[in-house]
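Next come the chains, spelled out residue by residue.
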Amino acid sequence: MDTTGTGSPSGESKYSRLIEPTRVHGSLYTDEQIFAEELAKIWYATWVFVGHESEIPEPNDYIRKKLGLQDVVMTRDRDGEVHLLLNRCAHRANLVCDDARGNSSSFRCPYHGWTYRNTGELLGYPYNKGYGGKNNLDLTMGKVPRVASYQGFVFGSFAQDGPSLVEHLGGAAGEIDRLANLSPEGKVELTAGWLQHKTKANWKLLTENETDGYHPQFVHGSIFGVTGSPIGALYSDASTAVTRNLGNGHSENDLRPEFRKFDEPMRWFGTTESRVPDYVEAIRARHGEDAERILVEGAPHVMVFPNLFIAEIQVFNIQPVAADECVQYATAVQLAGAPELNKRMISQSIGSVGPAGMLLADDTEMYERNQRGVGMLAPEWLDVRRGIHREQTDENGFTIGTATDEVGMRGFWAHYKKLMEADQ
Ligand code: FES
């Protein structure tokens, strides 16, 4: 298939030819021109997850992050407002900020010594007579024009206007609320540090996989077997869990029906209430009659388009590098006021997504095998039809399927296509 054109004689768009309801073309994962279009139409256009407010809790804290290929500095100014600065000097484009994180009200470019406030405003430049004196230059560091946060999760959008973050999150917002509700103080904190997994695969293979309930029994069968984990059963033909297209490219594996069946507080965390009594008591004190439901239903498993994955007790930030490479940043969820859980979440995360962890290594092996596979000439397509004949609509109007259906992938591709077909 010729994937280079922008249209066809019939007027069909390039992306209509590459994305069909039940299959997607392999070039979507390998074509550098498509990757460049994705940067422009997705990563530098829609809301993208960057970091969490708890990473810069104090005035003048900052931390370096990625947004697509952009090196950004997430800062908190002296008044508490969060900014996303592009790490580029307005003089001759040198990188301004070197340290991975710190606390400073200003940054100094190492090349010619220009200084900037942590809001991006130019503070000064040496030997100012060369510019006719002080405060004579109308220059600032670049900034991501729209920054917004939800439950402390900070997103940036290079689009000057468009849907608000809450509109973009839509049905996924309630899933983020579910995570925050698990904190006795109602606050998520991403303060455990981020692991970085460089992955030789297209970023979309990861986002599709995050709510693919078809693979766990096979890819993760060994770890489920060794640990005696009941997770595998959640993703089987017998499971009552639901895969849901939440709209706007977001999707989830809703495991709540399975946990409701057992009706056991903390089963979602692989434990019992007697082993974390302080935590359970704190949640009961905070949530009153909602507490039992919250303790039984547990944390969400939701993929927020295009790059935030909340995997119950871990959060992932997926950032692209090239058509065939991305980085998975992973951290353990920390819940304010829940020290009993927080320690366990860190040790469980080390065991599952750490450098020698057993879960993410399995997934990453699949991503990289997939990337090698899509480079083969035939067959040209990837199939995403699983369960399309048994899709239903839930009480909120979302499309749902069984635990192992590819409902999430179809939702992802419908939104992806809409964005990629939009005029710039
Ligand atoms: Fe930054 Fe010259 S490039 S001061």
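How each quantity is defined
- Residues numbered from 1 in each chain as written.
- Predicted model: local features only at pLDDT ≥ 70, side-chain atom pairs only at ≥ 80, totals over all residues.
- Heavy atoms only, no water.
- Axes fitted to C-alpha atoms, helices over the stretch in contact; angles between N-to-C directions.
- Helix = DSSP H or I, 4+ residues; strand = E, 2+ residues; numbered from the N terminus.
- Parallel < 35°, antiparallel > 145°, perpendicular 65-115°, else oblique.
- Contact = heavy atoms within 4.5 Å.
- Nonpolar A, V, L, I, M, F, W, Y, C, P; charged D, E, K, R; others polar.
- Pairing = 2+ DSSP bridges.
- Phe/Tyr/Trp six-rings, centres within 6.5 Å; stacked < 30°, edge-to-face > 60°.
- Lys NZ or Arg CZ within 6 Å of the ring centre and 35° of its normal.
- 1 Å grid on protein atoms, 1.4 Å probe; cavity = no way out; pocket = protein on both sides within 12 Å on 5 of 7 lines; lining within 4 Å.
- Points joined across faces, edges and corners; volume = space filled by probe spheres on them.
- Salt bridge = Lys/Arg side-chain N within 4 Å of Asp/Glu carboxyl O.
- Buried < 20%, exposed > 50% of the residue type's maximum accessible area, 1.4 Å probe, protein only.
- Core = buried A, V, L, I, M, F, W, Y, C linked by side-chain atoms within 4.5 Å.
- Expected span 1.5 Å × (residues − 1).
- Left-handed = near helix turned anticlockwise from the far one by under 90°.

Draft legend 1. The packing of helix 2 (residues 32–43) against helix 14 (residues 407–421), seen in detail. Where helix 2 contacts helix 14, the two axes come as close as 9 Å, and the packing angle between them is 85°. The pairing of helix 2 with helix 14 is recorded here as roughly perpendicular in orientation. Note on element contacts: helix 14 touches helix 2 through Tyr 416, Leu 419 and Met 420, opposite Ile 34, Glu 37, Glu 38, Lys 41 and Ile 42. Taken together, the residues of the contact of helix 2 with helix 14 sort by class into five nonpolar, no polar and three charged.

Draft legend 2. Quick look at the sheet that holds strand 18 (residues 308–311). Spatial ordering of the open sheet is given by 14-20-19-18-17-16-15-24-23, a layout of nine strands whose pairing is antiparallel. The open sheet has two edge strands, strand 14 (195–199) and strand 23 (392–393), and neither has a second partner. Sheet analysis places strand 16 (residues 250–254) next to strand 17 (residues 301–304), joined by two bridges and oriented antiparallel. Across the sheet, Glu 252 pairs through a bridge with Val 302, a residue of strand 17. Lying over the sheet, helix 12 (residues 339–353) contacts strand 14, strand 19 (314–322) and strand 20 (325–332), oriented at roughly 40° with respect to strand 19.

Draft legend 3. Up close: the packing of aromatic side chains. Enumeration according to the criterion identifies 18 aromatic pairs in this entry. The side chain of Arg 23 reaches across the aromatic face of Trp 381, ending 3.8 Å from its centre.

Draft legend 4. Broad picture of unusual backbone geometry. The step from Phe 305 to Pro 306 runs through a cis peptide bond, and the omega angle for that step is -5°. Among the structural elements, Pro 306 can be located in the loop between strand 17 and strand 18. The phi dihedral of Glu 312 is positive, around 60°, even though this residue is not glycine.

Draft legend 5. View of the layout of surface pockets. Estimated volume of the largest pocket: approximately 1,100 Å³. As for the largest pocket, its lining consists of 42 residues, of which Phe 224, Ser 229, Ile 231, Glu 312 and Leu 359 are closest to the centre. Its residues assigned to classes, the lining of the largest pocket comprises 23 nonpolar, 13 polar and six charged.

Draft legend 6. Structural context of the pattern of salt bridges. Scanning the entire structure with this criterion turns up 25 salt bridges. Across the salt bridge formed by Arg 284 and Glu 273, the nearest N and O atoms sit 3.0 Å from each other. With Arg 284 in helix 10 (residues 277–287) and Glu 273 in the loop between helix 9 (256–262) and helix 10, the pair connects residues that are eleven residues apart, well separated along the chain. Judged by its relative accessible area of 31%, Glu 273 falls in the partly exposed class. Across the pair Arg 385 and Asp 383 runs a salt bridge whose closest N-O atoms are separated by 2.7 Å. Residue Arg 385 is classed as partly exposed on the basis of its relative accessible area, which comes to 48%. Judged by relative accessible area, which is 39%, Asp 383 ranks as partly exposed. Look at the salt bridges and you will find they share partners, linking Arg 244, Glu 252, Asp 254, Arg 256 and Asp 394 into a network.

Draft legend 7. Molecular detail of the nonpolar core. The biggest cluster of nonpolar side chains holds 48 residues, and the ones touching the most others in it are Phe 153, Phe 155, Met 266, Tyr 279, Val 315, Leu 335 and Leu 341. Setting aside residues up to four positions removed in sequence, Met 266 forms contacts with Thr 271, Thr 272, Glu 273, Val 276, Tyr 279, Val 280, Leu 295 and Leu 341. Core analysis: the next-biggest nonpolar cluster, separate from the first, contains 47 residues, Leu 28, Ile 63, Leu 84 and Leu 382 among them.

Draft legend 8. Up close: helix 14. With 15 residues, helix 14 should reach 21 Å at 1.5 Å per residue; the first-to-last C-alpha distance of 21 Å fits that figure. Across the 15 residues that make up helix 14, a large majority, eleven, are buried. Those residues of helix 14 not exposed but buried are Val 407, Gly 408, Met 409, Arg 410, Gly 411, Phe 412, Trp 413, His 415, Tyr 416, Leu 419 and Met 420.

Draft legend 9. Broad picture of the packing of helix 5 (residues 203–210) against helix 13 (residues 360–374). Interhelical geometry of helix 5 versus helix 13 gives an angle of 130° and a closest axis separation of 10 Å. By the angle class used here, helix 5 and helix 13 are oblique. You can see that helix 5 and helix 13 cross each other, and the crossing is right-handed. On the side of helix 5, the interface is formed by Leu 205, Leu 206, Asn 209 and Glu 210, while helix 13 contributes Asp 363, Tyr 367, Asn 370 and Gln 371. A class-by-class count of the residues in the contact of helix 5 with helix 13 yields three nonpolar, three polar and two charged.

Draft legend 10. Layout of the sheet that holds strand 10 (residues 122–124). Overall, antiparallel pairing links the three strands, which are arranged 8-9-10 in an open sheet. In the strand order of this sheet, the two ends are held by strand 8 (106–108) and strand 10, each with one partner. On average, adjacent strands in this sheet sit at an angle of 30° to one another, irrespective of strand direction. Direction of pairing for strand 8 relative to strand 9 (residues 115–117): antiparallel, over a ladder of three bridges. Bridging across to strand 9, Phe 107 finds its partner in Tyr 116.

Draft legend 11. How the structure looks around the pairing of strand 17. Both faces of strand 17 are covered, namely the face carrying His 301 and Met 303 and the face carrying Val 302 and Val 304. In the sheet, strand 17 pairs with strand 18 via four bridges, with the strands oriented antiparallel. Looking at the pairing, Val 304 lines up with Leu 308 of strand 18. Counting the residues between successive antiparallel strands, the hairpin from strand 17 to strand 18 contains three residues.

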